[in-house]
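# Observations on chain architecture
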Amino acid sequence: QVQLVESGGGLVQPGGSLRLSCAVSGSIVGIYVMGWYRQAPGKEREWVATITDTGITDYANSVKGRFAISSDNARNTVILQMNSLKPEDTAVYYCRLLKPTRPPVTYWGQGTQVTVSS
């Protein structure tokens, strides 16, 4: 059984940085896509960034140039480095693993709170 555990959230001032980690336990075989999503109070969950098993990355326009997603395959960890944080980045951040099988299989972490405030 695959489990995802996020860590690294907290309170940071505008312009600051945070580094989120997603530890993946269990066996992952074949093609997969790892992603970060976020959900602010009263809003729907939105996509932030993804990285494939081959290292291809993609970002939402709202975070492009400020956030960077990477993976440490040896440690089964996905990192989201967040720089130049803004108050509108405040949200619960979730890690997701997608196996593009038929049907697709998705795993979610429990989320970690990020608050950007002075």
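Everything that follows concerns the structure shown earlier in this document.
A brief structural summary. In this text, all values refer to a predicted model and were calculated from it rather than measured experimentally.

Our next topic: the overall build of the chain. Within the chain one finds 0 helices and 11 strands. The linear arrangement of helices and strands in the chain, starting from the amino end, is β-β-β-β-β-β-β-β-β-β-β. Scaling as 2.2 N^0.38, a compact globule of 118 residues should have a C-alpha radius of gyration of about 13 Å, and the chain matches this with 14 Å. When its C-alpha atoms are laid out on the principal axes, the chain stretches across 45 × 30 × 25 Å. A burial count over the chain gives 41% of its 118 residues as buried. Contacts in the chain between residues at least 24 apart in sequence constitute 53% of all its contacts with a sequence separation of at least 6. Of the accessible surface of the chain, which amounts to about 6,500 Å², a share of 50% is contributed by carbon and sulfur atoms. Each charge sign in the chain was given a centre, from 11 positive and 8 negative side chains, and these centres are 2 Å apart.

Let us look at the pattern of salt bridges. A complete count under the given rule lists 3 salt bridges for this structure. Arg38 serves as the salt-bridge partner of Glu46, at 2.6 Å between the closest nitrogen and oxygen. It is possible to trace a salt-bridge network through shared partners that takes in Arg38, Glu46, Arg66 and Asp89.

Considering all chains together, one arrives at 1 disulfide under this definition. Residue Cys22 pairs covalently with Cys95 via a disulfide, S to S 2.1 Å. Judged by the torsion about the S-S bond (-85 degrees), the Cys22/Cys95 disulfide is left-handed. Taken together, the positions of Cys22 in strand β3 (residues 18-25) and Cys95 in strand β9 (residues 91-99) put the pair 73 residues apart, joining distant regions of the chain. Taken as a pair, Cys22 and Cys95 share a single burial class, namely buried.

So, about the side chain of Thr50. Counting through the fold element by element, Thr50 comes out in strand β5 (residues 46-52). Taking relative accessible area as the criterion, Thr50 reaches 15% and is therefore assigned buried. Those residues in contact with Thr50 that lie beyond four places of it in its chain are Val33, Met34, Gly35, Ile56, Thr57, Asp58 and Ile69.

This brings us to the packing of aromatic side chains. One pass over the structure, following the stated rule, counts 2 aromatic pairs. Taken together, a centroid distance of 5.1 Å and an interplanar angle of 70 degrees make the contact between Tyr37 and Trp108 edge-to-face. Taken together, the residues Tyr37 in strand β4 (residues 33-39) and Trp108 in strand β10 (residues 105-108) connect sequence positions 71 residues apart. Using a relative accessible area of 13% as the deciding quantity, one classes Tyr37 as buried. Classification of Trp108 by relative accessible area gives partly exposed; the value is 36%. Where Tyr94 meets Trp108, the ring centres are 6.5 Å apart and the plane angle is 85 degrees; that geometry is what we call edge-to-face. A residue pair is termed long-range when its members are at least 10 positions apart, and Tyr94 in strand β9 and Trp108 in strand β10 qualify at 14 residues. Relative accessible area serves as the criterion here: at 13%, Tyr94 is assigned to the buried category. Of the aromatic side chains, those joined through ring pairs into one cluster are Tyr37, Tyr94 and Trp108. The residue whose ring lies beneath Arg45 is Tyr94, and the NZ or CZ to ring-centre distance is 3.7 Å. Note that Arg45 overlies the ring of Trp108, its terminal NZ or CZ placed 4.6 Å from the centroid.

Conventions we followed
Residues numbered from 1 in each chain as written. Predicted model: local features only at pLDDT ≥ 70, side-chain atom pairs only at ≥ 80, totals over all residues. Heavy atoms only, no water. Helix = DSSP H or I, 4+ residues; strand = E, 2+ residues; numbered from the N terminus. Rg over C-alpha atoms; globule rule 2.2 N^0.38 Å. Buried < 20%, exposed > 50% of the residue type's maximum accessible area, 1.4 Å probe, protein only. Contact = heavy atoms within 4.5 Å. Areas by Shrake-Rupley, 256 points an atom, 1.4 Å probe, with all protein chains shown as cover. Lys, Arg positive; Asp, Glu negative; His and termini not counted. Charge placed at Lys NZ, Arg CZ, Asp CG, Glu CD. Salt bridge = Lys/Arg side-chain N within 4 Å of Asp/Glu carboxyl O. Disulfide = S-S within 2.5 Å. Phe/Tyr/Trp six-rings, centres within 6.5 Å; stacked < 30°, edge-to-face > 60°. Lys NZ or Arg CZ within 6 Å of the ring centre and 35° of its normal.

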